[in-house]
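Structure assessment
What follows is the residue order along each chain.
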Amino acid sequence: MSWELAGASLKLIMAGMEPVKDAPMAKYGYWRVGGPADLLVDVHDEAQLAAVMDTDLPVTVLGNGSNLLVSDAGIRGIVVRLRGTFRELSYRDPSNSSGLSSHLSSEAGLALVGAGMMNSVLLARLDKAGLGGAGSLAGVPGTIGGAVKMNAGTRVGEFGDAVAFVRAMLPNGSVTNLTADQLAFRYRHSTLPDGAIVTRVAIWVSQLSYAEERSAVEEHVAYRKSTQPLDQPSCGSTFKNPPGDSAGRLIEAAGLKGAREGGAMISEKHANFFVNTGSATANDIYTLIKRARDTVYEQFEVLLEPEVRAAGEWPDGCWPL
Ligand code: EPU
């Protein structure tokens, strides 16, 4: 291990963390590909996250690994997983602007959600409390921090529409609050500052929207099951939909359903899902993404933009596509 990594590792240990050296990232991503991270560390509160930022090594946040293509060369620096306080949920009633509580006593208010909480966990907790607000996340297999950054969404809606404000840590270790307006959400996009790590998100929740949202969610979950290859490793939609069209339709029209590069394949069930048939490398998946993008452009003059994000070291010129 280099002196720089050893120094960083010591700093993390002193701050109460347990960094893992050369952590195999293929174990953590939905695609099951990618090389090792120099250091992987679970971070439990903002003080620990500030200590990570203070190391001067590059920091990558691993949400749920469900929208991330990690390179075969792996990730240099520190990969962080948000745990502990970053997985907590509390409520704030409109009549009580300062205090947080474990439940909402009015029919509507704010839920304060740690950025490391899985979307599915938030949905289940709100469901139990009879609250609507996060239905747009049904079936989206990520964490709340990723859902903010990407403005995750489905046919039910976009997560950004539920967000009131976001707390984030900047690369210099300071913490800032950003309103939904400042984040300028649009389709699968927010203006979260570069290098900022979302720590907590406040979303509007309400008993009034619960029943309607619940039935939209149920319908959507059934729709996904019938249209998406949920039984094979993938990162969901590979490309964003271009305005007025759909990436899946275009890739199918380009004749690419079932196309392969090594162990990576474009799903026969949904052409915007690129699956690992078992032996894919990150490079196979990258090559297939590029081939689909180039073929669709040649045939239809539509330039698809990846929805999945790339992490780690790639040969020059790979990203952005
Ligand atoms: N289509 C094809 N061929 C295909 C796939 C789709 O012609 O192989 C056509 C469908 O017939 C439909 C249109 O394309 O007319 C749209 O397809 P679909 O309804 O499956 O939705 P999508 O736009 O591909 C979006 C989200 C999904 C979300 C679904 C359902 C994006 C990029 N994707 O997919 O989100 O689950 O709607 O709500 O917006 C994700 O973001 O990872 C994701 C899976």
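Residues numbered from 1 in each chain as written. Predicted model: local features only at pLDDT ≥ 70, side-chain atom pairs only at ≥ 80, totals over all residues. Heavy atoms only, no water.

**Quick word on the pattern of salt bridges**
Tallied over the entire structure, the rule returns 14 salt bridges. As a salt-bridge pair, Lys-11 and Asp-54 come within 3.4 Å of each other at their nearest N and O atoms. Taken as a pair, Lys-11 in helix α1 (residues 3-14) and Asp-54 in the loop between α2 (46-53) and β3 (59-61) lie far apart in primary sequence, 43 residues in all. We classify Asp-54 as partly exposed; its relative accessible area is 46%. Where Asp-294 meets Lys-290, a salt bridge forms, and the shortest distance between an N and an O atom there is 3.3 Å. Residue Asp-294 and its partner Lys-290 are both found in helix α8 (residues 282-300); the two are separated by 4 residues, about one turn of the helix. In this structure Asp-294 comes out as partly exposed when scored by relative accessible area, which is 24%. By relative accessible area, which is 31% here, Lys-290 ends up partly exposed. Members of the salt-bridge network, linked through shared partners, are Asp-38, Arg-76 and Glu-313. (Salt bridge = Lys/Arg side-chain N within 4 Å of Asp/Glu carboxyl O. Helix = DSSP H or I, 4+ residues; strand = E, 2+ residues; numbered from the N terminus. Buried < 20%, exposed > 50% of the residue type's maximum accessible area, 1.4 Å probe, protein only.)

**Remarks on the nonpolar core**
Core analysis: the biggest nonpolar cluster contains 52 residues, and Leu-122, Phe-159, Val-201 and Ile-203 have the highest contact counts within it. Among residues more than four places away in sequence, those in contact with Phe-159 are Ser-136, Leu-137, Ile-144, Ala-147, Val-148, Asn-151, Ala-152, Val-201 and Ile-203. Listed in part, the 27 residues of the second largest apolar core include Leu-250, Leu-256, Ile-289 and Cys-318. (Core = buried A, V, L, I, M, F, W, Y, C linked by side-chain atoms within 4.5 Å. Contact = heavy atoms within 4.5 Å.)

No statement about biological role is implied by the geometric values presented.
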